[in-house]
Amino acid sequence: MAMMNIVRLGVKELRSLASDGVMLVLIAYVFSLGVYVAATVLPETLHKAPIAIVDEDASPLSLRIADSFYPPHFQRPVMISLAELDPGLDTGTYTFVLDIPPDFQRDLLAGRRPSVQLNVDANRISQAFTGSAYIQVMVGQEVTTFLQHDRPNAVAPVALALRARYNPSLTEAWFGAVMEIINDVTMLSIILTGAALIRERERGTIEHLLAMPVSPFEIMVAKIWSMGLVVLFAATCSLVLMAQGVLGIPIAGSIALFLVGAALNIFATTALGILIGTVARSMQQFGIIMILILIPLEVLSGGLTARDSMPEIVRDLMMVAPTTHFVILAQAILYRGAGFDVVWPELLALAVIGGSFFGVTLWYFRKAMTNMA
């Protein structure tokens, strides 16, 4: 009887979700267009940045420097006068303006060290840091190449042979798309379960459930398996159709093993969503609490920032979060082709954390249902 109650309550949750057009659009967007955007428009990458050049030298070297800027990192440079420099930055027309001084080439050939001024609109903070480094390297390479025609080529004492594993072409989209799917699994599993509980409370259907011969345990498990199934199915479609199909990202390991880890992570995060939905009294409160919890889970789990760069106390605290172990095993499986013998500690940690979250949530949920009855 308990099993039948869980199945029927879960089917009821699926029907309720199917009638919620906003949630369906959110799920479809997050696992399709959202993944594509995260893969192709990463905030830390430089993509078609607007640049202008004030060429006061008009020499072959200055023209060579101007020709070195081209898509996809930069737009084709716009040649402007010195009087147009400040207005262009003030209006946000250009992110970078490179000012090449007069007699630049002549001073270089004479052995002097002329300065090139780079003006940056630092309000565009993500492009400002990355673009400045790109421009410095590009100008330096062009100057060095130009001078090698007149001076002997100095051979470096050490040759660096770079071999990039798992992503030989260093394509940012390979990382961005997969990590977006991982983060979406956590986000939607929390949203769907918590929103479903609050929706029942606002509509008054939670009182109907209390009048039925069902226990809080059955209500919780029904919400977890139904919403978890939706997230797991959407993540699978996104990984196969969007990541592998549209974006052409190679998956090194077993998708089935990744889905096992995703299911354990969903078990923990759906229980967390029910806990937030029980504590919150309205959808507005649920949204605020979710933001306070979701942002640290995603930012400090290693998906957006390397864990090695975090303070040790933060790394230790985040080991109790399911997303940390999920990110570790997902990167190991999907990027490096790791098997069960490598990721079993993370699977075990997810099972333990999920069980702990479920126990705490069940205790609080049962207490809340008792007070309502």
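Every value quoted in this text rests on a predicted model; they were computed, and no experiment measured them.

Analysis parameters
Starting from 1, residues in each chain are numbered consecutively following that chain's sequence as written. Only residues with pLDDT of at least 70 get local features here, since the model is predicted, and only at 80 or more are side-chain atom pairs given and counted; chain-wide, interface and lining totals rely on the full set of residues. The basis for the side-chain values is all heavy atoms of the structure; hydrogens and waters are excluded. Patches in this entry comprise residues that are over 30% relatively accessible and not in a salt bridge; like charges within 9 Å are linked, as are nonpolar side chains (Val, Leu, Ile, Met, Phe, Trp, Tyr) within 5 Å. Each accessible area value is a Shrake-Rupley result obtained with a 1.4 Å probe; residue values ignore everything except the protein chains displayed when judging cover. A side-chain nitrogen of Lys or Arg and a carboxyl oxygen of Asp or Glu constitute a salt bridge if their distance falls within 4 Å. Counting from the N terminus, the helices are DSSP H or I runs at least four residues long and the strands are E runs at least two residues long. A strand pair is defined by DSSP finding two or more bridges across the two strands. Residue contacts are counted whenever heavy atoms from the two residues lie within 4.5 Å of one another. Interaxial angles span 0 to 180 degrees and are taken between N-to-C directions of axes, which are lines fitted to C-alpha atoms, for helices over the stretch in contact. Here the term buried applies to any residue with accessible area under 20% of the maximum for its type, exposed to any over 50%, and partly exposed to those in between, with areas from a 1.4 Å probe on protein chains only.

Engineer: Would you explain a nonpolar patch on the surface in this entry?
Structural biologist: A cluster of nonpolar residues, Tyr29, Leu33, Tyr36, Val37 and Val246, forms a patch on the protein surface that exposes about 450 Å² of accessible area. Tallying contributions element by element places helix H3 (residues 33-40) first for the nonpolar patch, with three residues. As for its position among the elements, Tyr29 is in helix H2 (residues 21-30).

Engineer: It is not clear to me how the sheet that holds strand S1 (residues 51-55) should be interpreted in this structure. Could you clarify?
Structural biologist: Pairing between the strands of a sheet is mediated by backbone hydrogen bonds and can be parallel or antiparallel. Taken in spatial order, the four strands of this open sheet run S2-S1-S3-S4, and their pairing is mixed. Every interior strand has two partners, whereas the edge strands, strand S2 (78-79) and strand S4 (117-120), have only one. The strands touched by helix H7 (residues 125-147) within the sheet are S1, strand S3 (96-100) and S4, with S3 carrying the most contacts at an inclination of about 30°.

Engineer: Would you explain unusual backbone geometry in this entry?
Structural biologist: For residues other than glycine, phi is negative in most cases, and the peptide bonds are mostly trans. Cis rather than trans, the peptide bond between Pro71 and Pro72 has omega equal to 10°. Among the structural elements, Pro72 can be located in the loop between helix H4 (60-67) and S2. Positioned with a positive phi, Ala58 is a non-glycine residue whose angle comes to about 55°. When you line up the elements, Ala58 lands in the loop between S1 and H4. Backbone geometry places Asp103, a non-glycine residue, at a positive phi of 60°. Along the chain, Asp103 turns up in the loop between S3 and helix H6 (104-109). Taking relative accessible area as the criterion, Asp103 reaches 35% and is therefore assigned partly exposed.

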